[in-house]
Amino acid sequence: MNREELMAAMRAAPFEMAPVTVPGWGTFHIRELTAGKVDKANAKDDGDSMRRNAVIVACIVCDEKGNLLFDADSKDDVEFLIGMGMSKLNLVLAAVNKLGAQDPGNSPSAASSS
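Residues numbered from 1 in each chain as written. Predicted model: local features only at pLDDT ≥ 70, side-chain atom pairs only at ≥ 80, totals over all residues. Heavy atoms only, no water.

Q: How should I be thinking about the pattern of salt bridges in this particular structure?
A: Pairing is possible between side chains that carry opposite charge, provided their charged atoms lie close to one another. All chains considered together, the criterion is met by one salt bridge. The residue Arg 51 makes a salt bridge to Glu 79 at a minimum N-O spacing of 2.7 Å. One end of the pair, Arg 51, is in helix 3 (residues 49-60); the other, Glu 79, is in helix 4 (residues 75-82), and 28 residues separate them in sequence. A residue is classified by how much of its surface remains accessible, and Arg 51, at 26% relative accessible area, is partly exposed. A relative accessible area of 33% places Glu 79 in the partly exposed class. (Salt bridge = Lys/Arg side-chain N within 4 Å of Asp/Glu carboxyl O. Helix = DSSP H or I, 4+ residues; strand = E, 2+ residues; numbered from the N terminus. Buried < 20%, exposed > 50% of the residue type's maximum accessible area, 1.4 Å probe, protein only.)

Q: How should I be thinking about the nonpolar core in this particular structure?
A: Note on soluble globular proteins: their nonpolar side chains tend to be buried together. In terms of nonpolar packing, the biggest core is built from 24 residues, with Phe 28, Ile 30, Val 55, Val 57, Ile 60, Val 61 and Val 92 touching the most fellow members. Contributions of two or more residues to this core are made by strand 1 (17-22), strand 2 (26-31), helix 3, helix 4 and helix 5 (86-98). No other element matches helix 3, which puts eight residues into this core. Ile 60 has contacts with His 29, Ile 30, Arg 31, Leu 33, Leu 68, Val 92 and Val 96, leaving out every residue within four places of it along the chain. (Core = buried A, V, L, I, M, F, W, Y, C linked by side-chain atoms within 4.5 Å. Contact = heavy atoms within 4.5 Å.)

Q: Would you mind going over the packing of aromatic side chains with me for this structure?
A: Remark: the centre distance and the inter-plane angle together describe each pair of aromatic rings, the angle taken between the planes. Counted under the stated rule, the structure contains two aromatic pairs. Aromatic pair Phe 70 and Phe 80: ring centres 6.3 Å apart, planes at 25°, arrangement stacked. With a gap of 10 residues between them, Phe 70 in the loop between strand 3 (61-62) and helix 4 and Phe 80 in helix 4 connect regions that are remote in the sequence. Look at Phe 70 and you get partly exposed, because its relative accessible area is 23%. A relative accessible area of 45% means that Phe 80 is categorised as partly exposed. One cation-aromatic arrangement involves Arg 31 over Phe 15; the distance from NZ or CZ to the ring centre is 4.0 Å. (Phe/Tyr/Trp six-rings, centres within 6.5 Å; stacked < 30°, edge-to-face > 60°. Lys NZ or Arg CZ within 6 Å of the ring centre and 35° of its normal.)

Below, the structure is given as structure tokens:
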């Protein structure tokens, strides 16, 4: 495979996505973190791991087409997510960590063990 073929393949499927079910929130989609989004989350850390986690959640929660539903640059969106229950945010973060580590036919489900 040459460079152009590889880049075309990467553009065709840029993000792994999966539906996630969180009790009380229902089912929505998450998408894989990009390296740029990880850098953004780390830059907003300031020693505040909850803020960093909220930024990561804002960077991964999306619709079924991969369009993000939150804006990680929006103070209001990040503050809203910080106000959510930590256990539920952790379920979303755990699900995104499983993306790519699963068989292609399996999708992570945060509520699958409950």
